Amino acid sequence: MGEALVIPRCSRPALILLSLWFLCIPLGVICSTGNVSVSSNSSSSLKPKVINIGALFTLNSVIGRAAQPAITAAIDDVNSNPNILNGIQLKLIVRDTNCSGFLGTMEALQLMESDIVVAIGPQSSGIAHVISHVVNELHVPLLSFGATDPTLSSLQYPYFLRTTHSDYFQMYAIADIVEYYNWREVIAIYVDDDYGRGGISVLGDALAKKRAKISYKAAFSPGDTESAINDLLVEVNLMESRVYVVHVNPDTGVNIFSVAKSLNMMGDGYVWIATDWLPSYLDSMESVDPDTMNLLQGVIALQHYTPDTNLKKSFMSKWNNLKYKGSAGREGFNSYALYAYDSVWLAAHALDAFLNEGGNLSFSYDPNLHDTNGSMLHLASLRVFNGGEKLLETLLRMNFTGLSGQIQFNPDKHLVHPAYDVLNVVGTGTRRIGYWSNYSHLSIVPPETLYSKPPNISTGSQHLYSVIWPGDTTTTPRGWVFPNNGQPLRIVVPNRVGYKEFASKDNSPQGVRGYCIDVFEAAISLLPYAVPHTYMLFGDGKRNPSYDELVYKVSQNVYDAAVGDITIVTNRTKIVDFTQPYMESGLVVVAPVKKAKSNPWAFLKPFTREMWFVTAGFFLFVGAVVWILEHRINHEFRGPPSQQLITICWFSFSTMFFSHRENTVSTLGRLVLIIWLFVVLIINSSYTASLTSILTVQQLTSGIQGIDSLISSTEPIGIQDGSFALNYLVEELNIAQSRIVKLKNPEAYLRALKLGPKKGGVAAIVDELPYIELFLSTTDCLYQIVGPEFTKSGWGFAFQRDSPLAVDMSTAILQLSENGDLQKIYNKWLTHSECMSQVNQVDENQLSLTSFWGLFLICGIACVLALIIFFYRVFAQYRRFVPEDEEREMETIEPSRPSRRSIGSKSFKQMIDFVDRKEIEIKDMLKRKNSNESKQQSNRSFSDGQTSSPS
């Protein structure tokens, strides 16, 4: 059995002297590592028989009571194992830090006098910060199984090595839980020391990546009384967030929930998330305390995840029989016992490898540490471990399986595969609702089963089982309420000068009225909770306020929300959150208009130029096709060439009015004519409708055609005072600011447009569509919108960033839109008459070829197919009409052979003449030819018969 030496706390006088030395010694003594001299008798080439191992933690604590028997058991297991250290025994020297940074430092200095090569502990992050400076100076690796402060992983502490998981990962697990339940704000309740501050700092960073935040940090001192904790919780209970993250020490953490229970903060609507301190405390309880469990109902807690290996099960089975415990049952055990046990084995494996590689366990004196005259501190007894740097490197490359899982360090000196159980306190115990790992985040399967698969941290892959929340409910809490501090929601409303139909001051108890106010009140009435609020006017009432400034004040917490005709634009969305738009909006141009003069050529306006040319061409083309198809069989399509040309033109254009006299006889001609008449019917109807619209609707004209003509001109432009249109015109469209004229109200609009640019007025006004529609309803159509709407946006209610009320209000606005209430409110405030005139829209209403090319295509294909069939039949007849013997006879009789061109010309003329003949003549000729050929054949047969008979 290995030797375990527990040294009691040093006497009071010695502690006072040590503390004076520690406080008064020059900084160079602590921070310098140079000028190391090696004593001649301090090194030995022989392997030692005993190696001193130090342990430094608070014995009488939740973690200490679990760590002490685990460390002692590990020392025994190492010393009894012949496969490690080759018979070298480990001697354990334990020091009690008594939960004090000062006493912990003194104990650490005394521990270092024993020439230890590795120190295990401490459990406290605060003490670890101080002791790390000591081990850095003396080159002694410090293996901490309980100090979880993330800042201890910095390069400032090279000899600090954490054998448990850093709170860095635990805080990211909490951030994933917050995101999983769609919460946006939490309140951090933590102990104000290195452990608490370090963890909460990482939590803030983790939440920021999820677009969430810590709305308030409620810190308390480690020794605060229940009265102080009560005052702290009363303060946080007045705030908006109902999601509390509790990051405290296990020895005093339950006091938080005891006070919360007395303040009715453990009921419906509250969310409590505890870090790993709570499961450690519950595991260390000797027996289940119903009163304690009653305080914790519905709490979510994280616990270090350790795989259920056979090694772990074997250790757990003999835990109750460990003679070092000093108490019966599972009292004292928690996950930190596993990490403490593995820390000893990590040191043993590293020392074994260190010695096998030729490492030398030698120490040397540091000349910077020396005793002054009359000093009784014995500083010279503190020696530097010469092999500390090499042993640290050996520790970092160790890889074995311990009770807590795989013991291996990544380049950042963290244990690989950090993972946590996500627990829910229910009844007299806890139930696991899932796991969190740095590899796949939230899941309901053990982390080790996911390591062989590709990592998947998408939102859809995150899963947890259902939770029983405080108040014994399974409904996920909203996570926030309106602050219970007696202050209603501060709603700022612009104090408008013009267009008061949207929002304006009122003498009613509410203080404001208008379309925007009614929409807000209707939406807020649909929320499943009460929203106490009060309206506050913004502006002096003499001119419209700056809406950018109004939104900025919301972002600076001067107001909680803004209600009014507030346009959702990019620069505003960067500092506040907007609801779903409740009204569409966009910038338009309004200019003076006058009646358009009568035009004698108005009948040409229904069609575009291309449409006219194509239509006329098809009239002639179809007439020609019908003439070709009817010419041989219809006497109405025959006659002299001039008459036939007139017939083609007359027939073509008379089909426009369905008044053609000529009858079609051929099947192909009728087919083409039917299709063409259908096309003519569509074209004629469309022309009539368009011309009617042009002649009956009053046409207005304006010198301003739209925003493009405004940009190219130099005339003044009017905008509404306080509108975002100023920035848009100047910054986006590069219009000179000297051209911009700010106008307060509709009366100012009217005066400026009447005066015009030459008399001190404006050429046009650029404003949002809702204002312009209201303005035009009172102008008797003297002014109209010209050109299209050139921006698209909307009006919404502005809330502070990440306000959960913005999401709920957006849902309520959608409900108003779906059930028709939004339109009813619009009709109540903004119903107005519209001018039936059109401004410069003749060109837009013209019918183009795009609308009819399908009809022309069908008609053209029909004509081409008819011509192909017709000429195929004619060619077939022509081949039968021309006798082959005449061709041979022509070649024999002619004295001189004509040229190929003259023969071809003669054949072409014959074909044209053949085609020009009537169909009935061709048929008669073919009949006579067939009859003659039959007679010749019979005569030839008769002659041949007489010749062959006997004489």
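What counts, and where the lines are drawn
- Residues numbered from 1 in each chain as written.
- Predicted model: local features only at pLDDT ≥ 70, side-chain atom pairs only at ≥ 80, totals over all residues.
- Heavy atoms only, no water.
- Helix = DSSP H or I, 4+ residues; strand = E, 2+ residues; numbered from the N terminus.
- Buried < 20%, exposed > 50% of the residue type's maximum accessible area, 1.4 Å probe, protein only.
- Pairing = 2+ DSSP bridges.
- Axes fitted to C-alpha atoms, helices over the stretch in contact; angles between N-to-C directions.
- Contact = heavy atoms within 4.5 Å.
- Disulfide = S-S within 2.5 Å.
- Core = buried A, V, L, I, M, F, W, Y, C linked by side-chain atoms within 4.5 Å.
- Parallel < 35°, antiparallel > 145°, perpendicular 65-115°, else oblique.
- Left-handed = near helix turned anticlockwise from the far one by under 90°.
- Right-handed = clockwise from strand over helix to strand, strands pointing away.
- Phe/Tyr/Trp six-rings, centres within 6.5 Å; stacked < 30°, edge-to-face > 60°.
- Lys NZ or Arg CZ within 6 Å of the ring centre and 35° of its normal.

A. Examining the overall build of the protein more closely. Assigned secondary structure in the protein consists of 31 helices and 35 strands. Considering the protein as a whole, with its 951 residues, one finds that 50% of them fall into the buried category.

B. Summary view of the sheet that holds strand β16 (residues 419–426). With mixed pairing, 8 strands are arranged side by side in an open sheet as β8-β7-β9-β10-β11-β16-β17-β18. Where the open sheet ends on each side, the last strands, each with one partner, are β8 (213–220) and β18 (441–443). With direction set aside, neighbouring strand axes in the sheet form an average angle of 30°. Two strands pair when backbone bridges link them, and strand β17 (residues 429–437) and β18 are joined in this way by 3 bridges, in the antiparallel orientation. Considered in β18, the bridge of Y435 is made with S443.

C. Structural view of the pairing of strand β26 (residues 587–592). With respect to burial, β26 is a largely interior element, 5 of its 6 residues being buried. Taken together, the 4 bridges between β26 and strand β31 (residues 764–768) define a ladder with antiparallel strand orientation. Following the sheet pairing, V589 is matched in β31 by V766. The sheet contact formed by β26 and strand β32 (residues 783–786) spans 4 bridges and is antiparallel. Looking at β32, one finds that P592 is bridged to Y783.

D. Quick look at the side chain of D352. Turning to its location among the elements, D352 is positioned in helix α13 (residues 335–356). The buried category is assigned to D352, whose relative accessible area is 17%. Contacts of D352, omitting those with residues within four sequence positions, involve I84, L85 and N86.

E. Highlighting the state of the cysteines. What the rule picks out here adds up to 0 disulfides. No disulfide involves C863; its sulfur sits 4.3 Å from that of C859, the nearest cysteine.

F. Seen up close, the sheet that holds β26. Read from one edge to the other, the open sheet built from 5 strands follows the order β30-β29-β31-β26-β32, with strand pairing classed as mixed. Only two strands of the sheet have a single neighbouring strand rather than two, namely β30 (740–743) and β32. Strand-to-strand, the axes of this sheet are offset by a mean angle of 35°, without reference to chain direction.

G. Main features of the nonpolar core. Within the largest apolar cluster, 81 residues are counted, with the highest numbers of intra-cluster contacts made by I71, L85, L90, V117, F145 and L351. The element that contributes the greatest number of residues to this core is α13, accounting for 16 residues. Core analysis: the second largest hydrophobic core is formed by 54 residues, A503, M583, L822 and W829 among them.

H. Layout of the environment of L296. Looking at the element boundaries, L296 is found in the loop between α11 (290–295) and β11 (300–304). Residue class for L296 comes out buried when judged on its relative accessible area of 0%. When the C-alpha atoms of L296 and A260 are compared, they prove to be 9.9 Å apart, with 36 residues separating the residues in sequence. In contact with L296, other than residues within four places in its own chain, are F257, L278, L282 and V425.

I. Here's a closer look at the packing of helix α6 (residues 167–180) against helix α7 (residues 194–209). Between α6 and α7, the shortest axis-to-axis distance is 8 Å and the interhelical angle comes to 40°. Our classification of the angle between α6 and α7 gives oblique. The two elements α6 and α7 cross, and the hand of that crossing is right-handed. Residues D167, Y168, M171, Y172, I174, A175 and V178 of α6 touch α7, and the partners they reach there are Y195, G199, V202, L203, A206, L207 and K209.

J. Structural detail: the pairing of strand β2 (residues 50–57). Among the 8 residues in β2, 7 count as buried, and that is most of the element. Sheet topology places β2 next to strand β3 (residues 89–96); 8 bridges connect them, and they run parallel. In the strand pairing of β3, I51 is matched with L90. With helix α3 (residues 62–79) bridging β2 and the parallel β3, this β-α-β connection has right-handed handedness. As judged from the 3 bridges shared by β2 and strand β4 (residues 118–120), these two strands associate in the parallel manner. Following the sheet pairing, I53 is matched in β4 by V118.

K. Here's a closer look at the packing of aromatic side chains. Counted under the stated rule, the structure contains 42 aromatic pairs. Residues F607 and F852 carry aromatic rings whose centres are separated by 6.4 Å and whose planes lie at 65° to one another, so their mutual orientation is edge-to-face. A residue pair is termed long-range when its members are at least 10 positions apart, and F607 in the loop between β27 (594–595) and α18 (609–630) and F852 in the loop between α27 (842–845) and α28 (853–881) qualify at 245 residues. When sorted by exposure, F607 lands in the same class as F852, which is buried. Connected via pairs of aromatic rings, a cluster forms that spans Y499, F502, Y749, Y771, F775, Y783 and W795. One Lys or Arg, R383, reaches over the ring of Y365 and ends 5.5 Å from the middle of that ring. Directly above the aromatic system of Y529 lies the positively charged group of R478, at a separation of 4.0 Å from the ring centroid.

L. Local environment of the environment of A347. Note on placement: A347 falls in helix α13. Judged by relative accessible area, A347 falls into the buried class, the value being 2%. Distance from A347 to I120, taken between C-alpha atoms, is 8.8 Å for residues 227 residues apart in sequence. In this structure A347 touches V118, L143 and L395, once residues within four positions along its chain are discounted.

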